[in-house]
Amino acid sequence: MLDKTYRPGEVEGRHYARWEADGAFACGQRPDGAPYTIVIPPPNVTGSLHMGHALNNTLQDILIRYHRMRGRDALWQPGTDHAGIATQMVVERQMEKEGLTRHDLGRDAFIERVWRWKDESGGTITGQLRRLGASCDWSRERFTMDDGLSAAVRKVFVDLYKQGLIYRDQRLVNWDPLLHTAISDLEVEQREVQGHMWYFKYPVEGRPGTFVTVGTTRPETMLGDTAVAVHPDDDRYKDLVGATCILPIQDRPIPIIADEYADPEKGTGAVKITPAHDFNDFEVGRRHDLEMVNVLDRDARMNDNVPDHYRGLDRYECRDALVKEMEGLGLLERIDDNLMMVPYGDRSGVVIEPWLTDQWFVDAATLAKPAIEAVEQGRTVFVPKHWENTYYEWMRNIQPWCISRQIWWGHQIPAWYGPDGTVFVEHTEEEAAAAAERHYGEAAVLSRDGDVLDTWFSSALWPFSTLGWPEKTAEVARYYPTDVLVTAFDIIFFWVARMMMMGLHFMGEVPFHTVYIHALVRDERGQKMSKSKGNIIDPLELIDGYGADALRFTLTAFAAQGRDVKLSAGRVEGYRNFCTKLWNAARYCEINECRPDPGFDPAACRLTLNRWIVGKVLEAGERAAKGIESYRFNEAAAALYQFTWGTFCDWHLEFARPLLQGDDAAARDETRAATAWVLDRLLALLHPIMPFITEELWEHMGEGRETPLIAASWPVLDPALIDPAAESEMDWVVRLISEVRAVRSEMNVPPSAHIPLLHRDASAETRARLDRHRDAIASLARISHVEPADDVTRGAVQVVVDEATYILPLADVIDVSAEKARLEKEIAKLDGEIARFDKKLANRGFLEKAPPEVVETERERRDEAAHARAKLDDAVERLSAAL
RNA sequence: GGGCGCGUAGCUCAGCGGGAGAGCACUACGUUGACAUCGUAGGGGUCGCUGGUUCAAUCCCAGCCGCGCCCACCA
């Protein structure tokens, strides 16, 4: 016997362990089924489950479980990401408490320590994904720094290098002065900061009293200025082009050049050029072959290229001192307030400096071309489609991708340098040595490049590296390309775009045919969850409090396309109640001995009720299937919620009660079997969204059943099981009962009072229906008996359903004038409707241009309304006559 | 500066060319043993504003107003 309420904590772990132990998540179980593959967006090993993960993985699990039930050979490929900078920071912070830096340990020992940390603590998130119910094939779990995936990284690097698509270059990069590494453009976030604009006067050589005024937001960088630029068409400066300024403080002559970069509209029209510390100036410097004077060191302190009194100062200390000095020299014209965007490192949170260094780059523009075409041609589609614009915008303006990082945790770049600096890029040290020997004609001492690769470099290979590539594995052949990638928009550039590029380049095929971009999860006020705001809702707390299924259903129900999910515990509580409802429906079935009967044939049902509910559950399943397949998860959830609560529980179980408890054995047995069959189907339909409670009920309801629900088949709609006649009849019963309930409530008839239901003008068909559903109507509308009305008794309430009028004799209970008013209100409402229909039907444009079937339904509706109105008129008349 | 999304019941949101919907909240009544984590009934909306297209617009188009987000080199 089922408990009175569902206790998720007691069943979730048990079912999950059994699924995993039985290999229910494993791919390859259905070799005849077409493969269906999703690769998980690998969470950082440092991570713990947050709401974003919960939503992301719930949706993937729904897709995987659904397609598995539909007979596909489903593979959900799991794994984690080594998260270079993030992980290194975690371990370094730990060491800080011991007073150690990574340099104290040395590279090898430090990396060993990170591995130890990973082995001990890196499994947190995969454990939490299990709590959520994620049916990943854990036997295939991968880590981006596994041997196989590392081999893939090396091969990709070497190949791209040899194809000229990876190169080493000295250029400006985003330098993080805290972490001491370059980072990519994407890892920089711009923050609005209230700053200043300083206007400095630079004396012009050989023209005493002549100055060029330049504006700058970064005064300290003037020490690295190597030119002043003006626009070639700017008349104000025409005669100064070609002249030379004396850079104050440094006393360095710098040319005044003409370049279109200078904007006459901005500032003074003259702009200082610091090629080593500004991305635009860098380009200007390259065009004019200007000297690049680097004035900062790796900590963003002033280096030896500045006067003694500034050396070693932090750039901001230097700024203050320098402005004072310029002012003392009489070369500070003025200072304006200036709102500006300042770059910050997304990991370190410190201001990023453009800094001139040697780094490795990927020629992203070349790789992007096929990736753009693939989307243009629809070989990969984004859902919702508008995200394709975001993808295009970035891909069409893509910049070289800086992939080297000056940290230790990650894939070390497979490049070795000879004594003269010649670089050898090979898969192994041995191959590099061999290459060097060929190059030099003798063995040479090589030193390996110390940098590691951007974490996203290995993530970009994830859809095929996890399948065993570059080995020619059966998995690569079978499961690549994958089907759908499920992710949030914030990593379209970081990850999706790069997988597209690498997948197309190395596999010759797109990595996935669909990219489903889901919403972000926010707090109930719509704010992004963050530690600093303290508004984080922990999915694990919700799982503990309400069960994983309630959380999953909530996320699914709110996962409408194009809108963020605003989450609160209250919402989850609502869906916990839904779990309870389902649980109790099963309890009802158990109490009434509705047991699954393998011999039951739904097509052989004789009772209208059963024919109806069989069709209904399959229709609900059809809507759910459509929702899942079109990534409208909220629609799938809504269809199932509505059916479960609004149809199965509210109506079917109530209708079934008199049959299940009645004397007609044939009717009772059929209803038992049909109800059990429908519940079984319902559990299957709900399983992808709510795997735990459905598996528990499946097991409980069908004792001795061999197949667990996770391995059962999705109930497919058989059109032969839809009976329109049954549907229209049950619809009529529902309407009749609802009408009676409504007037009873309106007339304040006590629920305990059983009253007769009289009818007039009822057709033979209606009388047959009244007879067939007598017990259900009696119990649900609290009716004592049903009979034709010979005469209207005084004090009767009347309702119209289709052709018939129903009379509830309520002498002494009702107020006749109130009843008359009620009827007249109904009539007025119908009159409004009729007038609207008439107007429409009198419109020639409508009659001529609207589709005939639309005109026809409008006519029918008009007639129905008019008919009901006439019935109500009669009712009013009878009421008056009775007075 | 460019791009995207959103403004529908008190709240959170579905719907998106032909009869305004759900959940929660609210009000009234209620235990007829699956369920009070419940049942029955009810109130509540000029579908942001203004034009246009159409026989017909909450839905399509344009403009405006108000929110939010992404990208961008503005000295």
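Quick summary incoming for the structure in this document. These numbers were taken from a predicted model, which means no experiment stands behind them. (Residues numbered from 1 in each chain as written. Chains lettered and ligands numbered in written order. Predicted model: local features only at pLDDT ≥ 70, side-chain atom pairs only at ≥ 80, totals over all residues. Heavy atoms only, no water.)

Describing the pairing of strand β2 (residues 73-77)
Two faces make up the sheet, and in a regular strand the side chains alternate between them.
(1) Moving on: Burial runs high along β2: five of the five residues are buried.
(2) Moving on: In this structure, strand β1 (residues 35-39) lies alongside β2, joined through five bridges in parallel fashion. Within β2, the position partnered with Y36 by the bridge is A74.
(3) Moving on: Note that the unit made of β1, helix α2 (residues 51-69) and β2 has a crossover that is right-handed. (Buried < 20%, exposed > 50% of the residue type's maximum accessible area, 1.4 Å probe, protein only. Helix = DSSP H or I, 4+ residues; strand = E, 2+ residues; numbered from the N terminus. Pairing = 2+ DSSP bridges. Right-handed = clockwise from strand over helix to strand, strands pointing away.)

Let's talk about the packing of helix α10 (residues 364-376) against helix α16 (residues 492-507)
(1) Moving on: Remark: α10 packs on α16, axes separated minimally by 8 Å, with the N-to-C direction vectors making an angle of 90°. It follows that α10 is roughly perpendicular to α16 by the angle criterion. Listed contacts from α16 to A364, L367, A368, P370, A371, A374 and V375 of α10 are M500, M501, L504 and H505.
(2) Moving on: For the contact of α10 with α16, the per-class residue count stands at 10 nonpolar, one polar and no charged. (Axes fitted to C-alpha atoms, helices over the stretch in contact; angles between N-to-C directions. Parallel < 35°, antiparallel > 145°, perpendicular 65-115°, else oblique. Contact = heavy atoms within 4.5 Å. Nonpolar A, V, L, I, M, F, W, Y, C, P; charged D, E, K, R; others polar.)

Some remarks on the sheet that holds strand β28 (residues 796-801)
(1) Moving on: Reading across the sheet, the four strands line up as β27-β26-β29-β28 and stay open at both edges, with mixed pairing between neighbours. One side of each edge strand has no neighbouring strand; the edge strands of this open sheet are β27 (783-788) and β28. Taken pair by pair, the neighbouring strands of this sheet meet at an average axis angle of 25°, ignoring direction.
(2) Moving on: Both strand β26 (residues 755-760) and β27 contribute to a ladder of four bridges, which runs parallel. Its bridge partner lying in β27, H759 is registered against P788.
(3) Moving on: In this fold helix α24 (residues 724-746) packs onto β26, β27, β28 and β29 (804-809), with an angle of close to 150° to the strand it touches most, β28.

Overview of a negative patch on the surface
(1) Moving on: Together, E856, E860, D863 and E864 line one region of the surface with negative charge.
(2) Moving on: Among the secondary structure elements, E856 is positioned in helix α29 (residues 852-882).
(3) Moving on: Overall, the relative accessible area of 38% leaves E856 in the partly exposed class. (Patch = residues over 30% accessible without salt bridge, like charges linked within 9 Å, V, L, I, M, F, W, Y side chains within 5 Å. Areas by Shrake-Rupley, 256 points an atom, 1.4 Å probe, with all protein chains shown as cover. Salt bridge = Lys/Arg side-chain N within 4 Å of Asp/Glu carboxyl O. Lys, Arg positive; Asp, Glu negative; His and termini not counted. Charge placed at Lys NZ, Arg CZ, Asp CG, Glu CD.)

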